[in-house]
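If you want the building blocks of each chain, they are given just below.
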Amino acid sequence: MTHTSTYALELRDLRKSFGKTEIIRGADLAVQAGERVAIIGPNGAGKSTLFNLISGRFAPTSGEVLLHGQRIDGRQPYEINRLGLSRSFQITNIFPKLSVFENLRCGVLWSMGYRYTFLRFLSRMDAVNERAKQLMEQIGLHKKRDELAVNLTYAEQRALEIGITIAGGADVILLDEPTAGMSNSETARFINLIREVTVGKTLLTVEHDMGVVFGLADKIAVVVYGEVIAFDTPDAVRANPRVQEAYLGSVIAEEQAALH
Ligand SMILES: Nc1ncnc2c1ncn2[C@@H]1O[C@H](COP(=O)(O)OP(=O)(O)OP(=O)(O)O)[C@@H](O)[C@H]1O
């Protein structure tokens with residue numbers, strides 16, 4: 001049996017009920033460090049709820065969530081963040097009236113436990129500035145250093161969100177539909193950006209766009225009716241009869257029809 005600590009993230013018989021309705025119904029998942037995982041499934045299957053359970057927004061009704069072998073279920077989102085798991089929307093909420101550089105500095109400081117009200121002191125903080133500069137280059141916004149976030153294009157704002165998400169150096173990153181609302185060419189560029197900035201990290205995305213799923217994921221977790229019914233490589237998931245029957249067959253058929 002593999003030792004638990006070899007997994008970056010593990011879900012064990014995770015359950016969540018809202019009122020009398022069980023939405024997550026015994027989900028199991030074991031993600032190795034460095035894997036990029038896309039969570040897919042029909043509308044209402046429980047994908048966002050799973051993200052909420054992992055990131056601490058909801059406490060599970062029962063079951064366990066482990067980050068590098070350590071139980072994190074029931075902990076507060078900020079505690080989970082400090083333990084090395086960062087979710088895009090937790091900290092995002094870009095500050096529209098701050099520049100790209102200032103937004104990234106806030107991301108770095110937030111991860112260190114400061115509050116953005118210390119903003120006026122930031123210019124003295126060389127290490128913070130250096131990290132923000134490095135992030136700005138990583139996300140390709142160094143030429144927009146002093147541009148206010150509100151003036152960025154949509155795709156640039158999403159890139160800034162990713163920069164803020166990775167600012168604290170978390171090694172497990174959760175992204176909700178990172179390319180939603182982008183054009184095809186923006187999406188292709190953005191997949192590359194995500195791949196680059198998550199090298200060596202563990203990535204989980206909730207994703208509806210099959211192009212993104214197959215372009216980004218090393219493994220796919222298929223969630224149907226609150227359970228992970230398959231967790232495997234994209235090719236194996238495509239070929240899995242249970243997945244085809246439950247969900248993916250119709251999506252692949254649509255995809256193939258669109259290609260011909
Ligand atoms: N806070 C809540 N209270 C009550 N029911 C909820 C709550 N959050 C989610 N649900 C219900 O849980 C079910 C799963 O929702 P969830 O958003 O996790 O699905 P999803 O797979 O992310 O769907 P989609 O692909 O449409 O975003 C839905 O029936 C939803 O109404």
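This is a predicted model, so every value here is computed, not measured.

**What about the confidence of the model for the protein?**
Phase 1: With 87% of its residues at a pLDDT of 70 or more, the protein has an overall mean of 87.
Phase 2: When mean pLDDT is taken per element in the protein, strand β1 (residues 7–18) scores highest with 98 and helix α3 (residues 88–91) scores lowest with 62.

**A short note on the sheet that holds strand β7 (residues 172–176)**
Phase 1: If you trace the 6 strands from one edge of the open sheet to the other, you get β6-β7-β8-β3-β9-β10, paired in mixed fashion. The sheet is open, and its two edges are formed by β6 (85–87) and β10 (227–232), each paired on a single side. Mean inter-strand twist for the sheet, computed between neighbouring axes without regard to direction, equals 20 degrees.
Phase 2: Here 4 bridges tie strand β3 (residues 36–40) to strand β9 (residues 219–224), and the two strands are oriented parallel to one another. Each residue of the ladder has a partner; that of Ala 38, found in β9, is Ile 220.
Phase 3: Set on the sheet, helix α6 (residues 154–166) makes contact with β6 and β7; between it and β7 the angle comes to about 150 degrees.

**Focus on the side chain of Asn 103**
Phase 1: Mapping Asn 103 onto the fold places it in helix α4 (residues 100–112).
Phase 2: In this structure Asn 103 comes out as buried when scored by relative accessible area, which is 1%.
Phase 3: In this structure, Asn 103 is in contact with Ile 94, Phe 95, Leu 98, Ala 149, Leu 160 and Ile 164, ignoring residues within four places of it in sequence.

**Observations regarding the site of the ligand**
Phase 1: The full set of residues close to the ligand is Phe 18, Ile 23, Pro 42, Asn 43, Gly 44, Ala 45, Gly 46, Lys 47, Ser 48, Thr 49, Phe 58 and His 208.
Phase 2: Within the side chain of Asn 43, one N or O atom sits 3.4 Å away from an oxygen atom of the ligand.
Phase 3: In this structure, Gly 44 approaches the ligand through a main-chain N or O atom, which is 2.8 Å from an oxygen atom.
Phase 4: When the ligand is considered free in solution it has 640 Å² of accessible area, and contact with the protein chains removes 57% of it.
Phase 5: When residues in the shell around the ligand are grouped by element, the largest group, 3 residues, is from helix α1 (residues 47–55).
Phase 6: Its residues assigned to classes, the shell around the ligand shows 5 nonpolar, 6 polar and 1 charged.

**Looking at helix α7 (residues 184–197)**
Phase 1: In this model α7 runs 20 Å from its N-terminal to its C-terminal C-alpha over 14 residues, within 8% of the 20 Å that 1.5 Å per residue would give.
Phase 2: All of the buried residues along α7 are Thr 187, Phe 190, Ile 191, Leu 193, Ile 194 and Val 197. Down the axis of α7, the buried set is contained in an arc of 165 degrees. They therefore lie on one face. Those residues of α7 that are exposed and aimed more than 90 degrees away from the buried face are Asn 184, Arg 189 and Glu 196.
Phase 3: Taken together, the buried residues of α7 touch α5 (126–138), α6, β7, β8 (202–206) and α8 (210–216).

**Description of the pattern of salt bridges**
Phase 1: All told, the structure shown has 13 salt bridges when counted by the stated rule.
Phase 2: For Glu 227, the salt bridge identified is with Arg 25, shortest N-O distance 3.5 Å. Taken together, the positions of Glu 227 in strand β10 and Arg 25 in strand β2 (residues 21–32) put the pair 202 residues apart, joining distant regions of the chain.
Phase 3: With relative accessibility at 30%, the residue Glu 227 sits in the partly exposed group.
Phase 4: Residue Arg 25 is classed as partly exposed on the basis of its relative accessible area, which comes to 25%.
Phase 5: Ionic contacts of the salt-bridge type, sharing partners, join the residues Glu 10, Arg 12, Glu 64, Arg 71 and Asp 73 into one network.

What counts and how
- Residues numbered from 1 in each chain as written.
- Predicted model: local features only at pLDDT ≥ 70, side-chain atom pairs only at ≥ 80, totals over all residues.
- Heavy atoms only, no water.
- pLDDT = per-residue confidence, 0-100.
- Helix = DSSP H or I, 4+ residues; strand = E, 2+ residues; numbered from the N terminus.
- Pairing = 2+ DSSP bridges.
- Axes fitted to C-alpha atoms, helices over the stretch in contact; angles between N-to-C directions.
- Contact = heavy atoms within 4.5 Å.
- Buried < 20%, exposed > 50% of the residue type's maximum accessible area, 1.4 Å probe, protein only.
- Near = heavy atom within 4 Å.
- Polar contact = N/O pair within 3.5 Å; in protein donor to acceptor, adjacent residues only side chain to side chain.
- Areas by Shrake-Rupley, 256 points an atom, 1.4 Å probe, with all protein chains shown as cover.
- Nonpolar A, V, L, I, M, F, W, Y, C, P; charged D, E, K, R; others polar.
- Expected span 1.5 Å × (residues − 1).
- Arc of directions from axis to C-beta.
- Salt bridge = Lys/Arg side-chain N within 4 Å of Asp/Glu carboxyl O.

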